[in-house]
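So you can see what is in the structure, the chains are spelled out below.
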Amino acid sequence: MTAPTGQIMSGEMAEQPAVWRRILAEGAPRIREVAEQIAARQPRFVLLTARGTSDNAALYAKYLIEVLLGKPCGLTSMSTTTAYHARQDLTDCLVITVSQSGGSPDLVASTQAAREAGALTLAVTNNADSPLAEVSEYHIDVLAGPEKALPATKTYTAELLALYLFVDGLRGGNGADEAKALPELAEQILARSGEVRALAGRYRFAERMVLTSRGYGYPTAKEAALKLMETSYIPALSYSGADLLHGPLAMVDNVSPVIAIVTAGKGGEALQPVLDRLRDRGADLVVIGPRAQVEAASAGFVLPVDGLAEELQPILEIIPLQLLAYEVTIARGQNPDAPRALAKVTETR
């Protein structure tokens, strides 16, 4: 029997600072150019299309667009086009399709239909030669390089950074300057993998987990839950903090593992009543976030986010949670490089 290694996933997580430097140095000018061209066409609202990990990146972009640009923004349901053959009037709408491979047939078909319906179409992929890039009017390459492990890690954070630079470019900001500290901060987090390994011991025999956040941190909770499920096979449920209080809190007790992602800023402030309720219920609470929040919990991981804009923090927040998924999977005797029943390119229709 071959021992689990996880070497591919581990190596790709370690590449993230280099990927971000490449985006900031080589990708940012092209992203800014695309943003300026689209801004000149004055789209009146935005729709985001994605699946899986890229769907969580799209949700992050939704927060950026609504908060920073003040534009209405929604997540599409591709089956309305591919299964029901519905056609909308998308005149003056920007449709952004996010996909690592750019190869899933439903993503390609729905983007093509959107373009035919009058939309401006933008593909954000890790493959400039993909069918999705070909059918889209505009394309942004996230420059993550080949990703061989089935769990997406470096492509996810590359998508986040590229989407941040694009949205910031739509408003004429200086996003590359704002984000220049990220690679070094990521290296600091990756160097603390021993802390995450110790934390992983809490979850080796977990039967389920709950992850929660609010605001910009909510996509992080969803992506972390996905990583835990696809690598360690632990059922991991992700909720907005507000939604958690509307019923699911009833399943939390003193043996329920809960991970809260606390973004420093308005999202973290909105999550505070949820944290208080979780403590009241005696939950096994771990916090990923600023030092004060971690010290108030039973355990956690302190993020180096002092002075970092709230909208940039999710790019860092996911790294200790990627490491956690990796370490929990190794501890459970499984190989995170190749989760069962999964393929690198999922061809939904």
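As the structure is a prediction and not an experimental result, all values here were calculated from the model.

### Description of the environment of Ala-225
Among the structural elements, Ala-225 can be located in helix 11 (residues 218-232). C-alpha of Ala-225 to C-alpha of Phe-205: the two residues are 20 residues apart in sequence and 16 Å apart in space. Among all residues touching Ala-225, those that are not within four sequence positions of it are Leu-211, Ala-236 and Ser-238.

### Quick word on the pairing of strand 9 (residues 284-289)
The buried fraction of strand 9 amounts to six of the six residues, a majority that puts the element mostly inside the structure. Both faces of strand 9 are covered, namely the face carrying Asp-284, Val-286 and Ile-288 and the face carrying Leu-285, Val-287 and Gly-289. By the bridge criterion, five bridges tie strand 8 (residues 257-261) to strand 9 in an arrangement that is parallel. Within strand 9, the position partnered with Val-258 by the bridge is Leu-285. Where the polypeptide runs from strand 8 across helix 13 (residues 266-280) and back to strand 9, its parallel neighbour, the crossover connection is right-handed. Alignment of strand 9 against strand 10 (residues 299-302), held across four bridges, turns out to be parallel.

### Quick notes on the layout of surface pockets
In this structure, the second largest pocket occupies an estimated 220 Å³ of space. As for the second largest pocket, its lining consists of 18 residues, and the residues nearest its centre are Thr-76, Thr-81, Gln-88, Leu-90 and Ser-110. Per element, the largest residue contribution to the lining of the second largest pocket is four residues, and it comes from helix 5 (residues 105-116). Split by residue class, the lining of the second largest pocket holds eight nonpolar, nine polar and one charged.

### Here's the deal with the sheet that holds strand 7 (residues 236-240)
Taken together, the five strands give an open sheet; going across it, the order is 7-6-8-9-10, and neighbouring strands pair in parallel fashion. The open sheet has two edge strands with one neighbour each: strand 7 and strand 10. Pairwise comparison of adjacent strand axes, ignoring direction, gives a mean angle of 15° for this sheet. Of the pairings in the sheet, the one linking strand 6 (residues 209-213) to strand 8 comprises three bridges and is parallel in character. Across the sheet, residue Leu-211 finds its bridge partner in strand 8, namely Ile-259. Contacting strand 8, strand 9 and strand 10, helix 15 (residues 313-331) crosses the sheet at an angle of about 155° to strand 8.

Calculation rules
Residues numbered from 1 in each chain as written. Predicted model: local features only at pLDDT ≥ 70, side-chain atom pairs only at ≥ 80, totals over all residues. Heavy atoms only, no water. Helix = DSSP H or I, 4+ residues; strand = E, 2+ residues; numbered from the N terminus. Contact = heavy atoms within 4.5 Å. Buried < 20%, exposed > 50% of the residue type's maximum accessible area, 1.4 Å probe, protein only. Pairing = 2+ DSSP bridges. Right-handed = clockwise from strand over helix to strand, strands pointing away. 1 Å grid on protein atoms, 1.4 Å probe; cavity = no way out; pocket = protein on both sides within 12 Å on 5 of 7 lines; lining within 4 Å. Points joined across faces, edges and corners; volume = space filled by probe spheres on them. Nonpolar A, V, L, I, M, F, W, Y, C, P; charged D, E, K, R; others polar. Axes fitted to C-alpha atoms, helices over the stretch in contact; angles between N-to-C directions.

Fair warning: the whole summary comes from geometry, so function is off the table for now.
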